[in-house]
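What follows is each chain in one-letter form.
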Amino acid sequence: MSIGDILLDRKLLLIGDFILTSGKTSPYYLDLRRLPNYPEFFQIVNDSIKVIEKLDYDMIIGIATGGIPLASFLACKLGKTMGYIRLEKKGYGTDKLLEADVEGKKILLIDDVATTGGSIEKASKEIINNGGKIVGAFVIVDRKEGAKERLKEIGVDLYSLYNIEYILKSVLNRVSQNEKKIIEDYLVKNIE
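Since we're looking at a predicted model, the values are computed, not measured.

**Q** Would you take a moment to explain the UniProt feature "binding site: orotate" (unreviewed entry) in the protein for this structure?
**A** Under the present numbering, the feature "binding site: orotate" (unreviewed entry) in UniProt falls on T115 and R143. On the basis of their most widely separated C-alpha atoms, the annotated residues across 29 residues gather in one place, lying no more than 5.0 Å apart. Within the annotated group, the residues that form the lining of the largest pocket are T115 and R143. The residue T115 is located in the loop between strand 6 (106-114) and helix 4 (118-129) in this model. Exposure remark for T115: the relative accessible area of 14% places this residue in the buried category.

**Q** Whenever I open this one, empty space enclosed by the protein confuses me. Can you help?
**A** Any space left empty among the atoms is revealed by the rolling of a water-sized probe across them. This model, assessed by the stated rule, comprises one cavity of 30 Å³ or more. Empty space within the largest cavity amounts to approximately 30 Å³. Here the residues of the lining of the largest cavity are counted per class, giving six nonpolar, one polar and one charged.

**Q** Is there a simple way to think about the nonpolar core in this case?
**A** The nonpolar side chains of a soluble globular protein tend to be buried, and buried together. L7, L13 and I164 are the most contacted members of the largest nonpolar core, which has 44 residues in total. With six residues, helix 2 (residues 40-52) is the largest single contributor of residues to this core. In this structure I164 touches Y28, L30, V141, D142, R143, L187 and I191, once residues within four positions along its chain are discounted. Membership of the second largest hydrophobic core comes to 20 residues, among which are I61, L97, I120 and I127.

**Q** Please clarify how the environment of Q43 should be interpreted in this entry.
**A** Among the secondary structure elements, Q43 is positioned in helix 2. For Q43, a relative accessible area of 44% gives the class partly exposed. Of the polar contacts made by the side chain of Q43, one reaches the side chain of D47; its length is 2.8 Å.

**Q** I keep staring at the side chain of E145 and nothing clicks. Help me out?
**A** Among the secondary structure elements, E145 is positioned in the loop between strand 7 (133-142) and helix 5 (147-153). Only 2.8 Å separates the side chain of E145 from the side chain of Y186, close enough to count as a polar contact.

**Q** Is there a simple way to explain the layout of surface pockets in this structure?
**A** Estimates place the volume of the largest pocket at around 630 Å³. Forming the walls of the largest pocket are 30 residues, and the residues nearest its centre are T21, D111, D112, V113 and S119. Contributing elements (two or more residues each) for the lining of the largest pocket: strand 2 (25-30), strand 6 and helix 4. In terms of residue count, helix 4 provides more of the lining of the largest pocket than any other element does, six residues in total. The residue makeup of the lining of the largest pocket, split by class, is 13 nonpolar, nine polar and eight charged.

Reading the values: rules and limits
Residues numbered from 1 in each chain as written. Predicted model: local features only at pLDDT ≥ 70, side-chain atom pairs only at ≥ 80, totals over all residues. Heavy atoms only, no water. UniProt positions renumbered as here; feature names shortened; annotations may be inferred. 1 Å grid on protein atoms, 1.4 Å probe; cavity = no way out; pocket = protein on both sides within 12 Å on 5 of 7 lines; lining within 4 Å. Helix = DSSP H or I, 4+ residues; strand = E, 2+ residues; numbered from the N terminus. Buried < 20%, exposed > 50% of the residue type's maximum accessible area, 1.4 Å probe, protein only. Points joined across faces, edges and corners; volume = space filled by probe spheres on them. Nonpolar A, V, L, I, M, F, W, Y, C, P; charged D, E, K, R; others polar. Core = buried A, V, L, I, M, F, W, Y, C linked by side-chain atoms within 4.5 Å. Contact = heavy atoms within 4.5 Å. Polar contact = N/O pair within 3.5 Å; in protein donor to acceptor, adjacent residues only side chain to side chain.

Shown next, in the form of structure tokens:
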């Protein structure tokens, strides 16, 4: 069974009309925040390790909310320290975005999905402002809609376990002809 089939069966890949964090409209949505609810998550963690084990980093930082569970599992399995970055300040307590001491450390950022790279760029800037050095960012799925190029401009390499073309092409035979055409048109117009 392909990763696309798993995501579709678990309703983590949804077909329809969605507004993304970036503000873009998409005919599909990846809801990977619920991925840790399923046993396939453990294989994704193990496969992710194979991608990131060659990188040189001191600490893993998960980006809220989708990146935190994966970052936690990876940090535990790899014996690395871990922190996380919020989407916005709490407005009380220490009122921090970054929950980690990153000064002088090499950081690997973790998120679930990359589309335009905006969340990773924002997290990267916060880490740099706190004295950390970004050695890369890792996501389960790269939607291939500009994140890699955007992050390259700020010196951050993007690594991914899967890309959206691979996932969607594996399930196009399971959607209606109309949905298939809409998805194929979207890929042609939006994929880098």
